[in-house]
Amino acid sequence: MALFLPLLLILLFPSTNAGWPPSPGYWPSSKFRPMSFHKGFKNLWGPAHQTVLHNALTIWLDKTSGSGFKSVRPFRSGYFGASIKVQPGYTAGVITAFYLSNNEAHPGFHDEVDIEFLGTTFGKPYTLQTNVYIRGSGDGKIIGREMKFHLWFDPTQDFHHYAILWSPKEIIFLVDDVPLRRYPRKSDATFPLRPMWVYGSIWDASSWATEDGKYKADYKYQPFVAEYTNFKASGCTAYAPAWCRPVSASPSWSGGLTRLQRRAMRWVQRYHMVYNYCRDPKRNHDLTPECRS
């Protein structure tokens, strides 16, 4: 009998790390209609490395170029999502991204909110990086606010929905409607407030993308392909009247996460978060005061 007791306990009381996250109880993606790629977006660069078929966008990187796209309109708040599938195998050095930015409007002094798949090597999972920075640039002075996750599924096997909900109060990152991260507005200095466009891209970031640049893009595995579909971009555009109401991640228009959503987010951060900038002792947290409050 004693031999079977451990198995019995596992069956009766399964690990909270087993399977998928607890149900968030609310699905924000269902509140917003999908749009055709050509209605909401346009090619930004690498047009020869981009195709649209049956409203699914495919972009790819080879040694000649990557590719990127951009929303037609800028927004000052909203829900922005896409269902994405990334390439299996060796993808070190390759970034597949879906993000908000105003880099073209404020070069060298822009805001950005990122969802990025960091390429990987054989047998290792993709890392999903979320990042927020404010009035930064890519010149080495950028103050990143990275949180990284290993997902509870293989993102190469099927499409999953990745989304950013940006309101004047907070930024929430979601995967299949499960909140991964909430970044609240604690001060105007640490929160993006200027209008941003929605972008997606695939590009070579060998200098840092995989284990801080240890593994580079290897073009014997080219092309590196990413697929996007089920595009959603809904909210207050930069041209909307002042009374435009920001979208919400919860059943209440007042915003915020429900108890079930917070429980699901705690589960993800407990079992699947692999890096949190606020817990990095090598970081100068005088530059990230939100970590102390």
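Definitions and limits used
- The written sequence of each chain sets the order in which its residues are numbered from 1.
- Local features in this predicted model are restricted to residues of pLDDT 70 or higher, and side-chain atom pairs are both shown and tallied only at a pLDDT of 80 or more, whereas totals for entire chains, interfaces and linings draw on every residue.
- Hydrogens and water are ignored here; the side-chain numbers use all heavy atoms of the structure.
- By convention a nonpolar core is built from buried Ala, Val, Leu, Ile, Met, Phe, Trp, Tyr and Cys residues, the set being connected through side-chain atoms within 4.5 Å.
- Working definition: with a 1.4 Å probe on protein chains only, accessible area under 20% of the residue-type maximum means buried, over 50% means exposed, and in between means partly exposed.
- Contact between two residues is taken to exist if any of their heavy atoms lie within 4.5 Å; hydrogens are not considered.
- Grid spacing is 1 Å over the protein atoms alone, the probe is 1.4 Å, and a cavity is where that probe fits but cannot get out, while a pocket is an open set with protein on both sides within 12 Å along at least five of seven lines and lining residues have an atom within 4 Å of a point.
- Grid points are joined across faces, edges and corners, and a volume is the space filled by probe spheres set on the points.
- Each helix is a run of H or I in the DSSP string that is no shorter than four residues. Each strand is a run of E no shorter than two, and both are numbered from the N terminus.
- Gly is put with the polar residues, along with every residue not named as nonpolar or charged; the nonpolar set is Ala, Val, Leu, Ile, Met, Phe, Trp, Tyr, Cys and Pro, and the charged set is Asp, Glu, Lys and Arg.
- Under the rule applied, a polar contact is a pair of N or O atoms within 3.5 Å (in protein, one hydrogen donor and one hydrogen acceptor; residues adjacent in sequence only if both atoms are side-chain atoms).
- Each patch is assembled from residues with relative accessible area greater than 30% and no salt bridge, linking like charges that lie within 9 Å and nonpolar side chains (Val, Leu, Ile, Met, Phe, Trp, Tyr) that lie within 5 Å.
- Residue exposure ignores everything except the shown protein chains as possible cover, and the areas themselves are Shrake-Rupley values with a 1.4 Å probe.
- Basic side-chain nitrogens of Lys or Arg form a salt bridge, by our definition, when they fall within 4 Å of a carboxyl oxygen of Asp or Glu.
- Under the convention used here, Asp and Glu are negative, Lys and Arg are positive, and both His and the chain ends fall outside the count.
- Charge placement uses NZ in Lys and CZ in Arg. For Asp and Glu, CG and CD serve respectively.
- Two strands form a pair only when DSSP identifies at least two bridges running between them.

Caption draft 1: Summary view of the nonpolar core. Counting 51 residues, the largest nonpolar core has Trp 152, Tyr 162, Ile 171, Tyr 228 and Phe 231 as its most contacted members. Excluding its chain neighbours within four sequence positions, the residues that come into contact with Ile 171 are Val 113, Val 132, Ile 164, Leu 165, Trp 166, Arg 181, Arg 182, Tyr 183, Phe 191 and Pro 192. One finds Tyr 79, Ala 163, Ile 172 and Ala 249 within the second-largest nonpolar core, a separate group that totals 10 residues.

Caption draft 2: Highlighting the layout of surface pockets. Each pocket or cavity is described by its volume, and for the largest pocket that value is around 1,100 Å³. Forming the walls of the largest pocket are 42 residues, and the residues nearest its centre are Ile 95, Glu 116, Leu 118, Gln 129 and Trp 208. Listed by contribution, the elements that provide at least two residues to the lining of the largest pocket are strand 1 (41-45), strand 6 (94-101), strand 7 (110-118), strand 8 (127-136), strand 13 (197-204) and strand 15 (273-276). Tallied by class, residues from the lining of the largest pocket come to 17 nonpolar, 15 polar and 10 charged. A volume near 340 Å³ is recorded for the second largest pocket.

Caption draft 3: Layout of the side chain of Ser 83. By secondary structure assignment, the location of Ser 83 is in strand 5 (residues 75-86). A distance of 3.1 Å separates polar atoms of two side chains, one belonging to Ser 83 and the other to His 161. Within polar-contact distance, the side chain of Ser 83 engages the side chain of Asn 230 at 3.3 Å.

Caption draft 4: Focus on a positive patch on the surface. A surface patch of like charges, here positive, comprises Arg 259, Arg 262, Arg 263 and Arg 266. Residue placement: Arg 266 occurs in helix 3 (residues 259-271).

Caption draft 5: Layout of the environment of Phe 41. Locating Phe 41 in the fold gives a position in strand 1. For Phe 41, a relative accessible area of 2% translates into the label buried. Once the C-alpha coordinates of Phe 41 and Tyr 199 are considered, the two residues, 158 residues apart in sequence, prove to be 8.6 Å apart. In contact with Phe 41, other than residues within four places in its own chain, are Met 35, Phe 69, Lys 70, Ser 71, Val 72, Val 198 and Phe 231.

Caption draft 6: A look at the pairing of strand 8. Of all the 10 residues making up strand 8, 9 are buried; the element is thus mostly covered by neighbouring parts of the structure. Summarising the sheet, strand 7 and strand 8 pair through 8 bridges and their orientation is antiparallel. The partner of Glu 116 across the bridge, within strand 8, is Gln 129. Across 3 bridges, strand 8 lies against strand 9 (residues 147-149) in antiparallel orientation. Bridge assignment links Gln 129 to a residue of strand 9, and that residue is Lys 148.

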